[in-house]
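# Summary of the model geometry
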Amino acid sequence: MRVYVPQLTKLAKPGQFVHVRCSSGLDPLLRRPISLHGIDYGKGTISLLYQVVGTGTRLLAEMAPGDEIDVMGPLGKGFTVPDGIKKALVVGGGIGVAPLFPLIHSLKHYGIQQTVLLGARSADFIIGREQLELLGVKVKIATDDGSLGYKGFVTRLAEDEISGGTPDYFFACGPNPMLKGLISLTKGFGLSGQVSLEEYMGCGVGACLACVCKSKAAAGREPDDSAEGFEYKKVCVDGPVFEASEVILDD
Amino acid sequence: MTKPADNLTDKPADNLTDNPADNLAVKPAVKPAVNLGVNLGGLQMKNPVTTASGTFGFGPEYAPYVDLNRLGAITVKGTTLEPRKGNPTPRIAETPAGILNCIGLQNPGVDHFIAEDLPYLRNYDTPVIVNIAGNSLDDYAEVTRRLSGAQGVSALEVNISCPNVKQGGMVFGTDCLMAAEVIRVVRENTKLPLIAKLSPNVTDIVEIAGRVAEAGADALALINTLLGMKIDIRTRKPFLGNTMGGLSGPAIRPVAVRMVWQTARAVRLPILGMGGIMNAEDAIEFILAGAAAVAVGTANFVNPGAAMDIIAGIEQYMKDNGVTDVNDLVGAAWK
Ligand SMILES: Cc1cc2nc3c(=O)[nH]c(=O)nc-3n(C[C@H](O)[C@H](O)[C@H](O)COP(=O)(O)OP(=O)(O)OC[C@H]3O[C@@H](n4cnc5c(N)ncnc54)[C@H](O)[C@@H]3O)c2cc1C
Ligand SMILES: Cc1cc2nc3c(=O)[nH]c(=O)nc-3n(C[C@H](O)[C@H](O)[C@H](O)COP(=O)(O)O)c2cc1C
Ligand code: FES
């Protein structure tokens, strides 16, 4: 879905999201967080790529061109491209590729080499392969059922890439088990990177504390319960993009 | 009491002073403007709309969407003596026309609030209501003392009713004697207007309201969330990280209106009404049931400008219906 919102687009950065009202009634009541999948600064539009999983996303899918939509944003902290990186590994699981597109564009813009790994249940859930190849980006695919590319988890492909020794940084978005696997893998190789997380949200602006994730307590700050060694951070304002070394993902 | 419509002018509400008496005085040749000012147990508000604790952070979060100066008051997130981590996730679940939450009073502690959050709020010309909670009477007493000594705190809202914490919270809120004890202890330690926030998870809201009134509360806030639960039929496990959660939003509004009505008729304290207020019509319903002021909670998540729309909508309703003083609407449904 493409949305014309020049004021919002002007401020938008890769990795940020919008909080979308899917219904003008009371069902669903809450807004739905959806990542910026495309940012067209010239046209003043953003595009959203979403998977229909429930009422909210179904209502979005039922909208017609020209309809008005209520979006709040851009929200959250997006990806940052650290100075000095030369070759990035970009990993997207399922619909998690959505927020990676604007990042991939900006990596290309900065002349940083990249390999994109896409993982999903099956070939049908692999999104954006053609567009990426058109961009001239190297893409490798893994599916759980082997219907496309490597049969198995995308983290296995990541392991091959990293042990091949080429990437000096990584970016990832996808389901928590994938991110968890990737974080422990990259830690083993001493490879730093950023991950984009998902959590159920209320306000989207840091006011309700619904969307928290565990973070290793920031250095120099007194953790409120040092025995547990973590503090909760808000995915909506402190993230959704976090340093991989910082987050603790539960099973 | 309502004045005929032809006495009204289109004067904007910001011409009003905070003192309803000033606004009411009919000066010669000046037609009376619409008065939105209310007094909530000693807390003077320029209009009857505040934010519900826990839904509006500490203020700055919503500053891009809401003119904080236009709010009747800002009610901040529940604050405790020590920092609280809160509950594991998921902390929020959607239900028909409502949400369940189990945040668990995550907050940085009262000292952090005073040092880091309160200075920001002092930039605004809006009273700050600090919501407090504790595990013990000593906790409540100490938090009260620290906040009473801090510049920029206008009133205390005492949460004796949070369903999301293991100790304290609802245990205090659902036991009349304990609830009264908490209020008595807070009263002993502060001269600030004291608002007792009641739990709806009780058999008789009027009885508990009466007890906390006797114990020294200046006003009552109701309702907090209704205890609820959701089970994920896929995993066959409770959905929320803390098993149970508090239900808020339009789903609870009829219960809240009923409780405000019952309490307002029985207890002579001003009431801060809340529970599912989404727009001005809902807010007016609470005022007619007997609420002197209203708080906007879950609606902020849906429409970040909800409080602004509600203030404007109440004023418009008054103009449309020839009401010059919002206080004339308080409890009008039973007068
Ligand atoms: C920062 C952020 C960015 C996101 N970006 C995208 C995106 O670009 N494209 C996209 O398709 N989806 C994205 N999501 C997920 C999206 O918000 C949910 O799929 C959506 O809210 C589901 O709404 P629904 O009413 O259709 O489904 P519901 O009926 O609410 O739920 C259907 C199923 O989805 C799961 N679910 C719902 N909300 C979430 C959530 N916030 N996190 C994890 N699981 C959830 C539920 O557990 C349930 O199994 C993002 C989430 C976050 C937090
Ligand atoms: C996410 C969330 C957090 C809340 N936190 C608090 C809190 O810290 N202290 C408190 O007294 N009430 C808290 N509440 C209750 C609200 O202040 C309010 O009483 C309740 O939500 C009903 O109003 P509503 O339906 O307009 O949201 C919270 C509610 C929600 C939804
Ligand atoms: S969604 Fe409310 S704090 Fe993040």
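Given the structure is predicted, the values throughout are model-derived calculations rather than measurements. (Residues numbered from 1 in each chain as written. Chains lettered and ligands numbered in written order. Predicted model: local features only at pLDDT ≥ 70, side-chain atom pairs only at ≥ 80, totals over all residues. Heavy atoms only, no water.)

When the parts come together, some accessible area is lost, and that loss is often what is quoted as the size of the interface. All names here are of chain A. Per the domain assignment, the segments of chain A are domain 1 (2–75) and domain 2 (87–198). One C-alpha centre belongs to domain 1, the other to domain 2; they are set 24 Å apart. Counting residues at the interface gives 10 residues for domain 1, matched by 10 residues for domain 2. Carbon and sulfur atoms supply 67% of the area buried between domain 1 and domain 2, which totals about 790 Å² over both sides. For domain 1, the biggest contributors to the area lost against domain 2 are H37, L49 and Q51; these three give 59% of the whole. There are 0 salt bridges connecting domain 1 and domain 2. Remark: the boundary between domain 1 and domain 2 carries 1 residue pair in polar contact (both at pLDDT 80 or more). Class assignment of the residues belonging to the side of domain 1 that touches domain 2 gives a composition of 5 nonpolar, 5 polar and no charged. (Domains from an automatic or database assignment. Contact = heavy atoms within 4.5 Å. Buried area = accessible area lost by both parts, 1.4 Å probe. Salt bridge = Lys/Arg side-chain N within 4 Å of Asp/Glu carboxyl O. Polar contact = N/O pair within 3.5 Å; in protein donor to acceptor, adjacent residues only side chain to side chain. Nonpolar A, V, L, I, M, F, W, Y, C, P; charged D, E, K, R; others polar.)

Under the defined criterion, the tally for this structure stands at 8 aromatic pairs over all chains. Relative to F113(B), the ring of F58(B) has its centre 5.5 Å away and its plane inclined at 40 degrees; by these criteria the two rings are tilted. Placement of the pair is F58(B) in the loop between β3 (49–51) and β4 (74–75) and F113(B) in helix α2 (residues 110–121), with a sequence separation of 55 residues. Per residue, the accessibility class of F58(B) equals that of F113(B), and both read buried. Centre to centre, the rings of Y120(B) and Y124(B) are 5.4 Å apart; their planes meet at 55 degrees, and the pair counts as tilted. Residue classification places Y120(B) among the partly exposed residues on the basis of a relative accessible area of 24%. In this structure Y124(B) comes out as partly exposed when scored by relative accessible area, which is 23%. Directly above the aromatic system of F125(A) lies the positively charged group of R121(A), at a separation of 4.0 Å from the ring centroid. The lysine or arginine in question, K85(B), covers the ring of F230(A), its NZ or CZ lying 4.5 Å from the ring centre. (Phe/Tyr/Trp six-rings, centres within 6.5 Å; stacked < 30°, edge-to-face > 60°. Helix = DSSP H or I, 4+ residues; strand = E, 2+ residues; numbered from the N terminus. Buried < 20%, exposed > 50% of the residue type's maximum accessible area, 1.4 Å probe, protein only. Lys NZ or Arg CZ within 6 Å of the ring centre and 35° of its normal.)

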